[in-house]
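Now for the letters of each chain:
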Amino acid sequence: MIAFCLSEPDAGSDVAGLQLLAEKDGSDYVLNGTKCWITNGGEADLYTVFATLDRTSRHEGICAFIVPADLPGISLGKKEDKLGQRASDTRSIHFDGVRVPESQRLGAEGEGFKTAMRTLDRTRPPIGALATGIAQRALDESTAYALERKAFGSPIGTFQAVQFMLADMAKDIEAARLLTQKSAWMVDQGQRAAKNSSIAKCFATDAAMRITVDAVQVFGGNGYTKEYPVEKLMRDAKLLQIYEGTNQIQRLVVARELLRG
């Protein structure tokens, strides 16, 4: 089990502003600082840790390290009590004088920022896939409910207001699935996928949020209770717009790629 340790209390979207310090001491690096919002933080055997050699150097001083989770000086913060995705162990990780051999550095000094960005290009398509799956489940549940639930003597699925909601769900899911598959194919082919990965992640997760909110609406009052599954889908979908880069950051990536010519 692994964990990707990039975010910090004051460095989320601004990755280059991270403050966890890596100080060279002989053939070792000594890590001091804190990572937060770390998925698998309390369960991982290995951490991929991003640290800086100089807190004023921004992206130029960032290094990546493979760090066993049981090294002396590593301690865990509390497990976060989240709105959704509650089965995922998410917490802060504290590094206090953690010694890491030079052999466990990934790439050269100063290449950590590029390593992180290349990693995100590869991990954003799976978030699009996760969003598509959540959205598909919401549509499946809504369709079944619309055929079963009656109002004014007829199943609610016979009313155009509900039909249009289901149709919008279906078209957005189809688009999200195709965008995700294209970006994943580009990664598999070794192509530059930054723009397409960000498009897929942004579109699919925004769609999943809209679709799960509409699913709760289709269910009416029942959708707002834990007796039915759509409230959980809505809570789980929200985080997809935040992690692996917020959807505002995805738009910046897309714009940057368009303008690089």
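Note: the structure precedes this text.
Residues numbered from 1 in each chain as written. Predicted model: local features only at pLDDT ≥ 70, side-chain atom pairs only at ≥ 80, totals over all residues. Heavy atoms only, no water.

**Observations concerning unusual backbone geometry**
Short version of the rule: Put simply, DSSP marks the helices as runs of H or I at least four residues long and the strands as runs of E at least two long, and each gets a number from the N terminus on.
Unlike most non-glycine residues, Trp37 shows phi in positive territory, near 55°. The residue Trp37 is located in strand β3 (residues 28-39) in this model.

**Here's the deal with the packing of helix α1 (residues 112-148) against helix α4 (residues 230-240)**
Each pair of packed helices can be described by the angle between their axes along with the distance between the axes. So the rule is basically this: Angular values range over 0 to 180 degrees, each being the angle between N-to-C directions of two axes fitted as lines to C-alpha atoms, with helices fitted over their stretch in contact. Roughly parallel means an angle under 35 degrees; roughly antiparallel, over 145; roughly perpendicular, 65 to 115; everything else is oblique. The hand of a helix crossing depends on one turn: near helix anticlockwise from the far one by less than a right angle means left-handed, and clockwise means right-handed. Here, two residues are considered to be in contact whenever any of their heavy atoms come within 4.5 Å of each other. Three classes are used, and their members are as follows: Ala, Val, Leu, Ile, Met, Phe, Trp, Tyr, Cys and Pro are nonpolar, Asp, Glu, Lys and Arg are charged, and the others, Gly among them, are polar.
α4 packs onto α1 with a crossing angle of 160° between their chain directions and a minimal axis gap of 10 Å. Taken together, the axes of α1 and α4 lie roughly antiparallel to each other. Considering the relative orientation of α1 and α4, their crossing is left-handed. Contacts between α1 and α4 pair Ile127, Leu130, Ala131, Ile134, Arg137, Ala138 and Glu141 from the former with Val230, Leu233, Asp236, Ala237 and Leu240 from the latter. The class makeup of the residues in the contact of α1 with α4 is nine nonpolar, no polar and three charged.

**Observations concerning the side chain of Glu8**
Worth spelling out the cut-off: Relative accessibility thresholds used throughout: buried, under 20% of the residue-type maximum; exposed, over 50%; partly exposed, between the two (1.4 Å probe, protein chains only). Under this definition, polar contacts are N or O atom pairs within 3.5 Å; protein pairs additionally need one hydrogen-donor-capable and one acceptor-capable atom, and for neighbouring residues in sequence, both atoms have to be side-chain atoms.
Here Glu8 shows up in the loop between β1 (2-5) and β2 (21-25). The class for Glu8 is buried, based on a relative accessible area of 6%. For Glu8, the side chain forms a polar contact with the main-chain nitrogen of Leu20, separated by 3.0 Å. Polar contacts involving the side chain of Glu8 include one to the side chain of Lys35, which spans 2.9 Å. In this structure, Glu8 is in contact with Leu18, Gln19, Leu20, Thr34, Lys35, Cys36 and Phe50, ignoring residues within four places of it in sequence.

**Points about the nonpolar core**
Put simply, the rule reads: Working definition of a nonpolar core: buried Ala, Val, Leu, Ile, Met, Phe, Trp, Tyr and Cys residues. They are joined through side-chain atoms within 4.5 Å.
Among the nonpolar cores identified, the biggest contains 28 residues, and Ile156, Leu166, Met169, Ile211, Val218 and Val230 are the most heavily contacted of them. Contributing elements (two or more residues each) for this core: α1, α2 (160-188), α3 (194-219) and α4. Broken down by element, this core gets its largest block of residues, nine residues, from α3. Beyond its immediate chain neighbours, meaning those up to four positions away, Met169 contacts Leu139, Ser142, Ile211, Asp214, Ala215 and Val218. With 21 residues, the next largest nonpolar core counts Leu31, Ala44, Ala51 and Val100 among its residues.

**A closer look at the packing of aromatic side chains**
Aromatic ring pairs: the centre-centre distance and the angle between the two ring planes describe each pair. Selection criterion: Here is the rule: rings of Phe, Tyr and Trp (six-membered ring for Trp) pair when centre to centre is within 6.5 Å. Planes less than 30 degrees apart are stacked, more than 60 are edge-to-face, and the remainder are tilted.
Tallied over the full model, the rule gives seven aromatic pairs. The interplanar angle of 70° and the centroid separation of 5.2 Å between the aromatic rings of Phe4 and Phe50 together place this pair among those described as edge-to-face. Residue Phe4 is located in strand β1, and its partner Phe50 is located in strand β4 (residues 46-52); the two are separated by 46 residues in the primary sequence. Classification of Phe50 as buried rests on a relative accessible area of 1%.

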